[in-house]
Amino acid sequence: MKALSVFLFCLLLPGVMIAAPEPSNQCKVYVAVLDEDPAGLNVRKSPGGAIIGTLPEQSSFTVVEIRGKWARVTDFELPAGAERKDWPAYPKQDWGWVHTSLLGTFTRDLRTSFYSGPSEQSKQIVIEEEYELKILFLGCRGSWLNVRVPGKHKGPLWVKQEDTCPLAWTTCP
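Let me sum up the structure you'll find in this document. Small disclaimer: the values here were computed from a predicted structure and weren't measured.

## Quick look at the packing of aromatic side chains
Within the structure shown, the criterion is met by three aromatic pairs. Plain terms: the ring middles of Phe-61 and Phe-76 are 6.3 Å apart, the flat faces sit at 90° to each other, and that makes the pair edge-to-face. On the criterion of sequence distance, the pair formed by Phe-61 in strand 4 (residues 60-67) and Phe-76 in strand 5 (residues 70-77) is long-range, its members being 15 residues apart. Between Phe-76 and Tyr-90, the ring centres sit 6.1 Å apart and the planes meet at 85°, which makes this aromatic pair edge-to-face.

## Here we look at the side chain of Arg-44
Mapping Arg-44 onto the fold places it in strand 2 (residues 41-44). No salt bridge forms around the buried Arg-44; measuring N to O, its nearest opposite-charge neighbour Asp-35 is 9.5 Å away. A polar contact is formed between the side chain of Arg-44 and the backbone oxygen of Gly-49, at a distance of 2.8 Å. Once you skip the residues sitting within four places of it in the chain, Arg-44 turns out to touch Gly-49, Ala-50, Ile-51, Ile-52, Trp-70, Gly-96 and Trp-97.

Cut-offs and rules
- Residues numbered from 1 in each chain as written.
- Predicted model: local features only at pLDDT ≥ 70, side-chain atom pairs only at ≥ 80, totals over all residues.
- Heavy atoms only, no water.
- Phe/Tyr/Trp six-rings, centres within 6.5 Å; stacked < 30°, edge-to-face > 60°.
- Helix = DSSP H or I, 4+ residues; strand = E, 2+ residues; numbered from the N terminus.
- Buried < 20%, exposed > 50% of the residue type's maximum accessible area, 1.4 Å probe, protein only.
- Lys, Arg positive; Asp, Glu negative; His and termini not counted.
- Salt bridge = Lys/Arg side-chain N within 4 Å of Asp/Glu carboxyl O.
- Polar contact = N/O pair within 3.5 Å; in protein donor to acceptor, adjacent residues only side chain to side chain.
- Contact = heavy atoms within 4.5 Å.

Right under this line is the structure:
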């Protein structure tokens, strides 16, 4: 009955849109290509689908959706000093899918806070770290990154986007 009431309410008020809650597989975070393959990171039309282009190591982009181990990305940026004309395999469309195992970011400074979940109310995890600690991207929720810190902590962790720097080799945004 409640669904019918909402449906009728929408019919009575044309042009009124009701926003659906954000699915947990959507996010908007900024990460970088950590794949050292000189051929570049494959960008695909769909998860596991046809290759539509490649991006060199140290490129960066925005993750807007996660499906399993695949991330839909947009807003491609080549590394500092690289130009699109120098990278013939640059994707022709402005979005694509990449495998998350080849993505990551870096800590912004020595005071980065890691958590057991995507909330500051989650248990804080202390990690002895160096400046610009490399962290591997696993997924995201909202503005939180689900990451793994190789050699420092066994399980997955969460970190706020603002505490990371995907362009550690140049400057942080």
